[in-house]
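Read off the chains here:
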Amino acid sequence: MSLRSFFSKLSLLLSAIFAFVVSPAFAQTAALGPAVPDLENILVLDLSTGGRVTIQMFPIDAPAHVERIKTLTRQGFYNNVIFHRVIDGFMAQTGDPKGTGQGGSELPDLKAEFNRIPHLRGTVSMARTNEPDTANSQFFICFQPRFNLDNKYTVFGRVTSGMQFVDAIERGEPPLNPAKVLQASIAADNVPPPAFAPPPEQAPAAEATITVDPLSAG
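The rules behind the values
- Residues numbered from 1 in each chain as written.
- Predicted model: local features only at pLDDT ≥ 70, side-chain atom pairs only at ≥ 80, totals over all residues.
- Heavy atoms only, no water.
- Helix = DSSP H or I, 4+ residues; strand = E, 2+ residues; numbered from the N terminus.
- Phe/Tyr/Trp six-rings, centres within 6.5 Å; stacked < 30°, edge-to-face > 60°.
- Buried < 20%, exposed > 50% of the residue type's maximum accessible area, 1.4 Å probe, protein only.
- Lys NZ or Arg CZ within 6 Å of the ring centre and 35° of its normal.
- Salt bridge = Lys/Arg side-chain N within 4 Å of Asp/Glu carboxyl O.
- Polar contact = N/O pair within 3.5 Å; in protein donor to acceptor, adjacent residues only side chain to side chain.
- pLDDT = per-residue confidence, 0-100.
- Contact = heavy atoms within 4.5 Å.
- Pairing = 2+ DSSP bridges.
- Axes fitted to C-alpha atoms, helices over the stretch in contact; angles between N-to-C directions.

Peer 1: For this particular structure, what's the right way to read unusual backbone geometry?
Peer 2: Excluding glycine, residues mostly carry a negative phi; peptide bonds, for their part, are mostly trans. In this model, Glu173 is joined to Pro174 through a cis peptide bond whose omega is 5 degrees. Secondary-structure assignment places Pro174 in the loop between α3 (163-167) and β9 (180-186). The phi angle at Asn80 is positive, at roughly 70 degrees, despite the residue not being glycine. In this fold, Asn80 is placed in the loop between α2 (63-74) and β3 (81-82). Unlike most non-glycine residues, Asn151 shows phi in positive territory, near 65 degrees. Looking at where Asn151 falls in the secondary structure, it is placed in the loop between β7 (139-142) and β8 (155-161).

Written as structure tokens, this is what we have:
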């Protein structure tokens, strides 16, 4: 057998072995198909600004906070709760049934679960007082990146669709005509959206002084 013939046969053999080893992996990948959305960890907010906002929650990074949001949502806690503190270029805050920034649920406060997820546009994070372990029910949605909040507030989710309805929330502390969460639900529960009314026209937002702490203040 010539050297050229030997290498030719060796090449064919190695190709056959490679195809045998790799083909099950390809078949398994094809069988899996596209990733299935984790509906149990998607928060849905139907806003009075005219549409539905979906938020992917992060149970691995903030398990207790995600569980709290899911519990309160399924209790109907967030339904008809206003955005009581809305600062242009910063964030929109809700989750206080009193609408003053001083209220919360009857459940105990949560221990902080600070993580490395940055506060980007659309990030959803828990509000608290100056003490780290005081998050309860209030949360805020960032209009713009606010990296000075990283590792100081517990990020538990991020808006994946409907951010335009967050952008339309009226600004103010409190707003003159506050937007509200008409209905909150978990995607796995397949709650249909309400009939949305057209949002009212808004005057241009005035320039505001941005403050960080406490994010639960009214």
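Peer 1: I tried to follow the packing of aromatic side chains on my own but got confused; where do I start?
Peer 2: Remark: the centre distance and the inter-plane angle together describe each pair of aromatic rings, the angle taken between the planes. Taken as a whole and judged by the stated rule, the model has four aromatic pairs. With a centroid separation of 5.2 Å and 90 degrees between ring planes, the pair formed by Phe77 and Tyr78 is classed as edge-to-face. With respect to burial, Phe77 and Tyr78 carry one shared label: buried. Ring geometry for Phe140 against Tyr153: centres 6.1 Å apart, planes inclined by 85 degrees, an arrangement best described as edge-to-face. Taken together, the positions of Phe140 in strand β7 and Tyr153 in the loop between β7 and β8 put the pair 13 residues apart, joining distant regions of the chain. Take Phe140: its relative accessible area is 0%, and that puts it in the buried class. On the accessibility criterion, Tyr153 (0% relative accessible area) is buried. The cationic tip of Arg146 hangs over the ring face of Phe90; the distance from NZ or CZ to the ring centre is 4.9 Å. Over the face of the ring belonging to Phe143 we find Arg171, whose NZ or CZ atom lies 4.1 Å from the ring centre.

Peer 1: Quick question: what am I supposed to make of the pattern of salt bridges here?
Peer 2: Working definition: two side chains of opposite charge can pair if their charged atoms are close together. Here the structure, examined in full by the defined rule, presents seven salt bridges. The salt bridge involving Glu40 is made with Lys70; its shortest N-O contact spans 3.4 Å. One end of the pair, Glu40, is in the loop between α1 (3-32) and β1 (42-47); the other, Lys70, is in helix α2, with 30 residues separating them in the sequence. We classify Lys70 as buried; its relative accessible area is 9%. A salt bridge links Arg85 to Glu173; the shortest N-O distance between them is 2.8 Å.

Peer 1: Is there a simple way to explain the environment of Arg171 in this structure?
Peer 2: Within the secondary structure, Arg171 sits in the loop between α3 and β9. Each C-alpha atom of the pair Arg171 and Ala92 lies 8.0 Å from the other, and the pair is 79 residues apart in sequence.

Peer 1: Help me out: how do you make sense of the side chain of Arg128 in this one?
Peer 2: Within the secondary structure layout, Arg128 lies in the loop between β6 (123-126) and β7. Since its relative accessible area comes to 10%, Arg128 is described here as buried. Here the side chain of Arg128 touches Asn130 through a polar contact of 3.3 Å, landing on its backbone oxygen. A polar contact of 2.8 Å, which involves the side chain of Arg128, links it to the backbone oxygen of Lys152.

Peer 1: It is not clear to me how the confidence of the model for the protein should be interpreted in this structure. Could you clarify?
Peer 2: Parts of the model with low pLDDT should not have their predicted coordinates read in detail. The share of residues in the protein with pLDDT of 70 or more is 75%, and the mean pLDDT across the chain is 86. Overall, residues 24-30 carries pLDDT values under 50, and its contacts beyond four positions in sequence, including any with other chains, amount to zero contacts.

Peer 1: Looking at this structure, I do not really get the sheet that holds β7. What am I missing?
Peer 2: Neighbouring strands of a sheet are bound in pairs by backbone hydrogen bonds; such pairs are parallel or else antiparallel. If you trace the nine strands from one edge of the open sheet to the other, you get β3-β9-β1-β2-β8-β6-β7-β5-β4, paired in antiparallel fashion. Of all strands in the sheet, those bounded by a partner on one side alone are β3 and β4 (85-87). Those strands touched by α2 are β1, β2 (51-57), β6, β7, β8 and β9, and its axis lies near 110 degrees from that of β9.

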